[in-house]
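# Geometric and topological summary
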Amino acid sequence: MVQELIVAITAAFSASVIYVAAGARVVKQYERGVVFRLGRLAGEVRSPGFTMVVPFVDRLRKVNMQIVTLPIPAQEGITRDNVTVRVDAVVYFRVVDAPNAIIQVEDYRFAVSQMAQTSLRSIIGKSDLDDLLSNREKLNQGLELMIDSPAIGWGVQIDRVEIKDVSLPETMKRSMARQAEADRERRARIINADAELQASKKLAQAAEVMSEQPAALQLRLLQTVVAVAAEKNSTLVLPFPVELLRFLERAQSGQPPVVTAPQRQPRTPPVVERQPAVEPVEPPAAPDRINGVPEALGLPEAFADTEGFKIPDAFGLLHEPGLPGDPGEADEPRGPEDSRKPDGPGKAAQPAEPEEPTG
């Protein structure tokens, strides 16, 4: 009898130990326990530590309260300025209400991931390419608000959303590279021009000082020679300006250097040369007196008179008025060929003196 009682007590104790062990649960520090008793939410959220549930009646679900890092897959979209881009991001969130995270949504991780992808596509379509590349802080805040609005009812709080990378087409990358290169070249030219302006002003001031002190120009020339000689050159070409001699001459005489302007030569009127008058050409001799040869006219030798070209008047024809050779009457000049006046019988006629041409 006593032995049977001991066995019963031992069995009951073992059953109670097994029952208690079946209902014992441990909740970690970063977790919260939600108990469902016969399918209904029972009591409050179990805090971290050791807790008990009714075996085969209660069901304990643990919810992680840590911040979860959820990467958003790359989403391809078209920006407002019609540029195709691929954008990926990352979402940081945590559960603040464990019962709602279990009751209100089936899988809060998957829900947050889908909501983040949809919001990211919407942000891409509403933004420009420049905003995606340079103004990411504003886009991150807008994306966070878009995801956090429905997530509040799920017991989830969005801590931060970051756009991680923006992928551009190769053609767009080359275009942006050319644009950046052109902008940098423009700034480089502006900087060079500004440097030239400042250098010209300083050189003008230095020229004024050197004009007052001519010795400064010689000292500057010697410094240039020293700087060139330091390069270990075998040949040194030294320009020696003429102005330096003038400056030194002025310095020795104690007079300030004077810059003289070049003198202008007076203009002389052009000289017009007058061409000499053309002498008249002597007309040819009469046909009957060419070289004193009567054969030119077909006359016989009997009619030839070599001394004075006198032809005997056998028939009385030569003494008619108006014929050449008439000793009684002088030949009247008829035109340019008759401008010659004979001095007398037997002598050749002399050409008339030409008139002096008038200017």
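Structure: see above.
These remarks concern the structure in this document.

Calculation criteria
Note on numbering: residues in each chain are counted from 1, in written sequence order. Note on the predicted model: pLDDT of at least 70 is required for a residue's local features to be given, and 80 or more for side-chain atom pairs to be given and counted; whole-chain, interface and lining totals, by contrast, use all residues. In computing side-chain values, all of the structure's heavy atoms are included and hydrogens and water are not. Secondary structure elements are defined from DSSP: runs of H or I of at least 4 residues count as helices, runs of E of at least 2 residues count as strands, and each element is numbered from the N terminus. Here the term buried applies to any residue with accessible area under 20% of the maximum for its type, exposed to any over 50%, and partly exposed to those in between, with areas from a 1.4 Å probe on protein chains only. For this analysis, residues touch if any pair of their heavy atoms sits within 4.5 Å. Note on areas: Shrake-Rupley, 1.4 Å probe, and residue coverage restricted to the protein chains presented here. The pairing criterion is simple: DSSP has to find at least two bridges between the two strands. In this analysis an axis means a line fitted to C-alpha atoms, helices contributing only their contacting stretch, and an angle means the value between N-to-C directions, from 0 to 180 degrees. The nonpolar core is taken to be a set of buried Ala, Val, Leu, Ile, Met, Phe, Trp, Tyr and Cys residues, with the residues joined through side-chain atoms within 4.5 Å. The charge count treats Lys and Arg as positive and Asp and Glu as negative. His and the chain ends do not count. Here, a salt bridge means any side-chain nitrogen of Lys or Arg that lies within 4 Å of a carboxyl oxygen of Asp or Glu. Any pair of N or O atoms that falls within 3.5 Å is considered a polar contact. Within protein, one atom must be able to donate a hydrogen and the other to accept it, and sequence-neighbouring residues count only if both atoms are side-chain atoms.

## Observations regarding the overall build of the protein chain
The helix and strand tally for the protein chain stands at eight helices and eight strands. Buried positions account for 19% of the 359 residues belonging to the protein chain. Summarising the internal contacts of the protein chain: among those between residues at least 6 apart in sequence, 58% fall at separations of at least 24. As displayed, the protein chain offers around 27,400 Å² of accessible surface, 56% of which is attributable to carbon and sulfur atoms.

## A few points about the side chain of Arg 46
With respect to the secondary-structure elements, Arg 46 resides in the loop between β3 (40–41) and β4 (49–52). Setting aside its immediate chain neighbours within four residues, Arg 46 contacts Val 27, Arg 32, Gly 33, Val 35, Thr 51, Met 52, Val 53 and Leu 60.

## Overview of unusual backbone geometry
A positive phi angle, close to 55°, is found at Leu 38, a residue other than glycine. The residue Leu 38 is located in the loop between β2 (31–37) and β3 in this model. On the basis of relative accessibility, which here comes to 70%, the residue Leu 38 falls in the exposed class. With phi around 60°, Asn 82 is a residue other than glycine that occupies positive phi space. Counting through the fold element by element, Asn 82 comes out in the loop between β6 (68–78) and β7 (84–95).

## Concerning the sheet that holds β6
Reading across the sheet, the three strands line up as β6-β7-β8 and stay open at both edges, with antiparallel pairing between neighbours. A strand with exactly one partner marks an edge of an open sheet, and here the two such strands are β6 and β8 (156–167). The sheet shows a mean angle of 25° between the axes of neighbouring strands, taken without regard to direction. Judged from the 10 bridges that link them, β7 and β8 form a sheet pairing that is antiparallel. Considered in β8, the bridge of Arg 94 is made with Gln 157. In this fold helix α5 (residues 136–151) packs onto β7 and β8, with an angle of close to 140° to the strand it touches most, β8.

## Side note on the sheet that holds β2
The sheet built from three strands is open, its strands ordered β3-β2-β5 with antiparallel pairing. On the outer flanks of this sheet lie β3 and β5 (58–64), each paired with one strand and no other.

## Details of the nonpolar core
One finds Val 85, Val 91, Phe 93, Tyr 108, Val 112, Val 156 and Ile 158 to be the most contacted residues of the largest nonpolar core, which totals 37 residues. When contributions to this core are tallied by element, the ones reaching two or more residues are β2, β6, β7, α2 (98–103), α3 (108–126), α4 (129–134), α5 and β8. In terms of residues, this core owes the most to one element, α3, which gives seven residues. In this structure, Val 27, Val 35, Val 53 and Leu 60 belong to the second largest nonpolar core, which totals five residues.

## Describing the side chain of Asp 88
With respect to the helices, strands and loops of the structure, Asp 88 is situated in strand β7. Lys 164 provides the closest opposite charge to the buried, salt-bridge-free Asp 88, at an N-O distance of 4.3 Å. Polar side-chain contacts of Asp 88 include one of 3.0 Å to the backbone nitrogen of Asp 165.

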